Structures are given as structure tokens and as C-alpha cells.
Amino acid sequence: MNTKLTTLTKLALVAAIATTTSVGVAKAATFSESATISIVQALSLSQTTQMNLGVVQRPSSGTQTAIVSTAGTPSGTITYVDNAAVRAGAYSIAGSALNTISISAVDDANVAGLTFTALSGSYNGGSATNLLTGITGGVAPGAGKTLNVGGTLQVASTVVEGIYAPSFTLTVNYE
């Protein structure tokens, strides 16, 4: 009798589970999903004109500044011996018009006694901005736009006579 009761209990339990699960069975749903992707042209930066700060006289003491504007105009506290060759640097930036870009620069500090304290950038005809702090929100269409770069170079009296190439690094990124 105990076996029959156990068998009946088991059958009742199985029936209860079958009834419960068949009532609440969830049906699978399907739907079509799409993903998003944006394809952009790789950024390119190429130099079209090298910056030239001219020929200057070494300061007798302290430091003086040699400045070239983004338009190529020389100025500063230093004495120019020859400023006929002074010109701003020019770079072509090309990329996707779908995104905005940021442009920044750092002084490479590659020549002792010569330090860029400002690097002015005028992008696509805009007003000059210090690239050491950066330009944001520019558009880089595929055909390319021009970045003109001027600079303020501190020249220390400790620099010996010679021809130097103080450098800086330009960086252009999609924002």
C-alpha cells in the first residue's frame, strides 16, 4: 500500500507539473536587428610650406623672441638681420567631413636655448589660436583644408652661432 501511495503521489506530482508548465510556456519571439557603422576617410596631414623664422642676431643676455604670424609676418623683441625668408608653415589636412577634428602641437625641445612658447594655428581661414592649447571643432573634408602655423620662439643668449631646426609635433585627431 505504501508503494501504491508513493506511485499515486508521483503520478499526481508529474501531472501537476505538466499542467503548470503547459499553461505558462513562453513562446520564442524573433525580430530583425540592424547595427550602426560609420566609415570615415583616414586623416592625412602633409606639409606644403616649412616655417622659417629668418636670420636673427643672438641676444647679448637673457632671452628674446622671434615671432612669425600665421600670415608670415615677422615681429618680436629680437633683432632681425634678414627677414626676407620669414614665412609661416602651411599644412594640408584632409579627412572625413562626417566628423570634426582637433589640432594640437607641442614643442619638441630639441635645441637647447630655443623654445616655442606659442604655436599659432589658423585653420581653414579661421582666426589664429594657440595650438599648444589646441583647436577643436574643425571639419576636414576629403579635398583638404589649409592649416597655417606661426610661432613665438624664445632665443636664449646661451645659443651659439649656427643654423638650427627647432621642431614641434602637430597632431590631428577625430573628436
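Everything quoted here is computed from the prediction, not taken from an experiment. Note that residues are indexed from 1 along each chain, following the sequence as it is written. pLDDT decides what is reported in this predicted model: residues at 70 or higher carry local features, side-chain atom pairs at 80 or more are listed and counted, and totals for whole chains, interfaces and linings draw on all residues regardless. To obtain the side-chain values, all non-hydrogen atoms of the structure were used and water was disregarded.

(A) Inspection of the overall build of the protein chain at higher detail. Assigned secondary structure in the protein chain consists of 1 helix and 12 strands. Only DSSP runs of H or I with at least four residues qualify as helices, and only runs of E with at least two residues qualify as strands; both kinds are numbered from the N terminus onward. Going from N to C terminus, the protein chain has its helices and strands arranged as α-β-β-β-β-β-β-β-β-β-β-β-β. Only protein chains enter the accessibility calculation, which uses a 1.4 Å probe; a residue is then buried when its area is under 20% of its type maximum, exposed when over 50%, and partly exposed in between. A total of 175 residues make up the protein chain; the buried ones form 26% of that total. Any two residues having at least one pair of non-hydrogen atoms within 4.5 Å are treated as being in contact. Within the protein chain, counting contacts between residues at least 6 apart in sequence, those at least 24 apart form 75% of the total. Surface exposure of the protein chain reaches about 11000 Å², of which carbon and sulfur atoms provide 56%. Computed by Shrake-Rupley with a 1.4 Å probe, the accessible areas treat only the displayed protein chains as cover when residues are assessed.

(B) Looking closely at the nonpolar core. The term nonpolar core refers to a set of buried residues drawn from Ala, Val, Leu, Ile, Met, Phe, Trp, Tyr and Cys, joined through side-chain atoms within 4.5 Å. Counting residues in hydrophobic clusters, the biggest one holds 27 residues, and the most contacted among them are Ile-103 and Val-149. Of all the elements in the fold, those that place two or more residues in this core are β3 (63-68), β6 (89-94), β7 (100-107), β8 (114-123), β11 (145-156) and β12 (168-174). The contacts of Val-149, once residues within four sequence positions are left out, are Met-51, Thr-70, Ala-88, Gly-89, Tyr-91, Leu-119, Ser-120, Leu-131, Phe-168 and Leu-170.

(C) Fine view of unusual backbone geometry. Backbone geometry places Ala-109, a non-glycine residue, at a positive phi of 50°. Of note, Ala-109 is situated in the loop between β7 and β8. The exposure class of Ala-109 is exposed, given its relative accessible area of 59%. Despite not being glycine, Asn-124 shows a phi value in the positive range, around 55°. In this structure, Asn-124 sits in the loop between β8 and β9 (129-130).

(D) Region of the structure containing the pairing of β6. Along β6, 5 of the 6 residues are buried, which leaves the element largely enclosed by surrounding structure. One requirement defines pairing of two strands: DSSP has to find at least two bridges between them. Sheet topology places strand β1 (residues 44-49) next to β6; 5 bridges connect them, and they run antiparallel. Note that in β6 the partner of Leu-45 across the bridge is Ile-93. Taken together, the 5 bridges between β6 and β11 define a ladder with antiparallel strand orientation. Looking at the pairing, Tyr-91 lines up with Leu-147 of β11.

(E) Layout of the sheet that holds β12. Strand order in this open sheet of 3 strands is β10-β7-β12, and the pairing throughout is antiparallel. Edge positions in the sheet fall to β10 (135-139) and β12, since each has one partner strand and no second. When the angles between neighbouring strand axes are averaged without regard to direction, this sheet yields 30°. As paired elements, β7 and β10 share 4 bridges and run antiparallel to each other. Bridge pairing in β10 places Ile-101 opposite Gly-138. Axis angles are defined between N-to-C directions and span 0 to 180 degrees, where every axis is a line fitted to C-alpha atoms and, for a helix, only to the segment in contact.

(F) Main features of the side chain of Ser-122. Assignment of secondary structure puts Ser-122 in strand β8. In protein, a polar contact means a hydrogen-donor-capable atom and an acceptor-capable atom, both N or O and within 3.5 Å, with residues adjacent in sequence counting only if both atoms are side-chain atoms; elsewhere, any N or O pair within 3.5 Å suffices. One polar contact links the side chain of Ser-122 to the main-chain carbonyl oxygen of Gly-126, over a distance of 2.5 Å. Here Ser-122 is in contact with Thr-70, Ser-127, Ala-128, Thr-146, Leu-147 and Asn-148, once residues within four sequence places are set aside.

(G) Just the confidence of the model for the protein chain, in detail. Taken as a whole, the protein chain shows an average pLDDT of 88; of its residues, 86% reach a score of 70 or greater. Every residue is assigned a pLDDT by the predictor, reflecting its confidence on a scale from 0 to 100. The lowest-confidence element of the protein chain is helix α1 (residues 2-23), averaging 55 in pLDDT; the highest-confidence one is β3, averaging 98.

(H) Spotlight on the environment of Ala-88. Checked against the element boundaries, Ala-88 lands in the loop between β5 (80-82) and β6. If sequence neighbours within four positions are ignored, Ala-88 has contacts with Thr-49, Gln-50, Met-51, Val-68, Ser-69, Thr-70, Gly-72 and Val-149.

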